[in-house]
Amino acid sequence: MDLGLPGERYPARRAFRQWLVEHPDPTPHQLADAGYVAPHWPRPWGLGADPVDQLVIDDEMRRAGVRRPSNQIGIGWAGPTLIHAGTEAQKERYLRPLLAAEEIWCQLFSEPGAGSDLAGLSTRAERDGEEWVVSGQKVWTSFAHVASFGILLARTDPDAPKHKGISYFVCPMDAPGITIRPIVDMTGDHVFNEVFLDEVRLGPDLLVGEVNNGWSLAKVTLGNERVSLSAEGALWGQGPTAQDLVALVRRAGGISDRLLRQRLVAVWVEGEILRLMRLRTVSAAVLGREPGPEASVRKALADDHGQSVMEVAKDLSGAHGLIDTGPFESLVAARASTPSPTVDDGTPLWPSALWSYGYLFARALTIGGGTAEVQRDIIAERVLALPSS
Ligand SMILES: Cc1cc2nc3c(=O)[nH]c(=O)nc-3n(C[C@H](O)[C@H](O)[C@H](O)COP(=O)(O)OP(=O)(O)OC[C@H]3O[C@@H](n4cnc5c(N)ncnc54)[C@H](O)[C@@H]3O)c2cc1C
């Protein structure tokens, strides 16, 4: 079986290269308008690309150093849910600015008393005439402080069984009654927030799908979240891959420590398995199938893998690995610079900020987007058909 990508003459490859000649330094809007931000989305937002086209376009973008606009929650999981269940007016209003990262999105799901057991959420949305009045508290809301909109789950029928009385809304983050408080994580970075909703009024046009049918849409969002969070790259698609690590070590002339070599090979093998599994999830997504339990299988493996890559990287750095040079700002600077790795002569293999940040952040991989234990429960019940716990 040939698992390589089609070569130079493949139409999607040539089309992208030609487009790049016409748009040598593409802006987020140009990428969004051309359908290159989410090629597998239906037209006019994407290109309706099949799995091979999608992967070829990804490959071409990587080679050309073209970065997609950054709006992880918007593009990764709010967008697909709006395509699945939004009205035409909602798609028209939200999708293009979302793709161009002109409007950043956040996810108002988790609450202090509802994380893994998300359906136990207690934020209420009560009807007042045409409008909904929302009160409650959300937590761990990544990017709330920079977001224009949030996808919000709220209880609209407290008397219904817990999975039945939830509705799904778009919440403007500048609505009166919203208070956002920062949470600084152990990397020193501020991504998370607490969000308090105090009688926030939402119009009927902000409801997505049917009243009390929000749980089925939450499942669409969470499925896409698992796919998105298990993208290429050890830190939920950001940061380096095991292949990048091997390339750095190779450029540095190799490693003499046999144990470290074995660990490096082990993470490389895992990385390859995950890459091949990704082809499956991408194919399912572009063939229009909602992500299924295989997304949980891949996420469960990818999260442990991400932690292993960062641990090997840290251990390869030797004593330098103990030095922490700071939070996210340093990471951005480190990414922009070209690492000049060396190993056996004692100089750092790569900018320690990147790996220090990655090593600390990797703890989050087995919590966010569904914990390692919950992913395994899903696999046990839906893949292995074991009785529920
Ligand atoms: C980096 C990061 C970003 C995040 N961003 C967002 C965001 O933008 N928006 C948002 O809404 N949320 C976000 N979250 C929150 C995330 O979804 C929750 O942390 C996650 O769902 C777990 O919920 P919890 O923290 O309440 O832990 P709990 O659910 O309280 O779990 C505590 C422990 O109990 C275990 N456990 C719970 N239930 C079971 C079970 N049934 N079987 C076995 N073990 C179980 C868990 O595995 C865990 O070890 C983010 C989290 C992280 C780490």
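Structure: above.
Keep in mind the model is a prediction, meaning the values are calculated, not measured.

**Student:** Lay out the pattern of salt bridges with the relevant residues and their values.
**Tutor:** Taken as a whole and judged by the stated rule, the model has 21 salt bridges. As a salt-bridge pair, Asp-59 and Arg-13 come within 2.9 Å of each other at their nearest N and O atoms. Of this pair, Asp-59 sits in helix α3 (residues 51-64) while Arg-13 is found in helix α1 (residues 11-22), placing the two residues 46 residues apart along the sequence. Pair check on accessibility: Asp-59 and Arg-13 agree, each one buried. For Arg-93, the salt bridge is made with Glu-103, and the minimal N-O distance between the two is 3.0 Å. In this pair, Arg-93 is assigned in helix α5 (residues 88-99) and Glu-103 in the loop between α5 and β1 (105-108), connecting sequence segments 10 residues apart. Taking the relative accessible area as the measure of exposure, Arg-93 reaches 36% and is therefore partly exposed.

**Student:** Describe helix α12 (residues 372-383), with residues and values.
**Tutor:** Working note: α-helix, 3.6 residues per turn, so residues spaced by three or four point in the same direction. Compared with an ideal rise of 1.5 Å per residue, which puts 12 residues at 16 Å, α12 spans 16 Å between its outermost C-alpha atoms and is within 8% of the ideal. Listed in full, the buried residues belonging to α12 are Ala-372, Gln-375, Ile-378, Ile-379 and Ala-380. One or two residues past the end of α12 sits Ala-385, with phi positive at roughly 55 degrees.

**Student:** Give me the lowdown on the site of the ligand, citing residues and values where you can.
**Tutor:** Taken together, the neighbourhood of the ligand is formed by 18 residues, with Ser-110, Ser-116, Trp-140, Thr-371 and Glu-373 sitting nearest. Between the ligand and Ser-116, the relevant distance is 2.6 Å, taken from an oxygen atom to a side-chain nitrogen or oxygen of the residue. Here Thr-371 contributes a side-chain N or O atom positioned 2.6 Å from an oxygen atom of the ligand. Notes on the ligand: free accessible area 970 Å², of which the protein chains cover 66%. A class-by-class count of the residues in the shell around the ligand yields seven nonpolar, nine polar and two charged.

**Student:** Go over the nonpolar core, please, and point to the residues and values.
**Tutor:** Counting 61 residues, the largest nonpolar core has Trp-41, Leu-99, Trp-105 and Leu-202 as its most contacted members. Top element by residues in this core is helix α4 (residues 72-85). It accounts for six residues. By size, the runner-up hydrophobic cluster in this structure holds 23 residues, among which are Trp-236, Leu-248, Leu-264 and Trp-355.

**Student:** Any chance you could break down helix α9 (residues 293-316) for me, citing the residues and the numbers?
**Tutor:** The terminal C-alpha atoms of α9 lie 35 Å apart, and with 24 residues this matches the ideal 34 Å at 1.5 Å per residue to within 8%. Of the residues trailing α9, Gly-318 is marked for its positive phi of about 60 degrees.

**Student:** How would you summarise the pairing of strand β7 (residues 190-202) if you had to cite specific residues and measurements?
**Tutor:** With six bridges joining them, strand β3 (residues 131-138) and β7 adopt antiparallel strand pairing. The residue bridging Gly-136 from the neighbouring strand is Leu-197, located in β7. From the end of strand β6 (residues 178-184) to the start of β7, which pair antiparallel, there are five residues, and Gly-188 there has a positive phi angle of about 90 degrees.

**Student:** Any chance you could break down the packing of aromatic side chains for me, citing the residues and the numbers?
**Tutor:** Evaluated as defined, the whole model comprises nine aromatic pairs. Consider the rings of Trp-19 and Tyr-36, whose centres lie 5.0 Å apart with planes at 65 degrees: the pair is edge-to-face. A residue pair is termed long-range when its members are at least 10 positions apart, and Trp-19 in helix α1 and Tyr-36 in the loop between α2 (28-34) and α3 qualify at 17 residues. Of the two residues, Trp-19 and Tyr-36, neither departs from the other in class, the shared state being buried. Ring plane angle 65 degrees and centroid distance 5.2 Å describe the contact between Trp-140 and Phe-192, whose orientation is recorded as edge-to-face. Highlighted residues: Trp-140 in the loop between β3 and β4 (149-155) and Phe-192 in strand β7, separated in sequence by 52 residues. By the ring-pair criterion, three or more aromatic residues cluster together here, those being Phe-16, Trp-19 and Tyr-36. Of note, Arg-363 hangs over the ring of Tyr-359, and the distance from its end group to the ring centre comes to 5.7 Å.

Criteria and thresholds
- Residues numbered from 1 in each chain as written.
- Predicted model: local features only at pLDDT ≥ 70, side-chain atom pairs only at ≥ 80, totals over all residues.
- Heavy atoms only, no water.
- Salt bridge = Lys/Arg side-chain N within 4 Å of Asp/Glu carboxyl O.
- Helix = DSSP H or I, 4+ residues; strand = E, 2+ residues; numbered from the N terminus.
- Buried < 20%, exposed > 50% of the residue type's maximum accessible area, 1.4 Å probe, protein only.
- Expected span 1.5 Å × (residues − 1).
- Near = heavy atom within 4 Å.
- Polar contact = N/O pair within 3.5 Å; in protein donor to acceptor, adjacent residues only side chain to side chain.
- Areas by Shrake-Rupley, 256 points an atom, 1.4 Å probe, with all protein chains shown as cover.
- Nonpolar A, V, L, I, M, F, W, Y, C, P; charged D, E, K, R; others polar.
- Core = buried A, V, L, I, M, F, W, Y, C linked by side-chain atoms within 4.5 Å.
- Pairing = 2+ DSSP bridges.
- Phe/Tyr/Trp six-rings, centres within 6.5 Å; stacked < 30°, edge-to-face > 60°.
- Lys NZ or Arg CZ within 6 Å of the ring centre and 35° of its normal.

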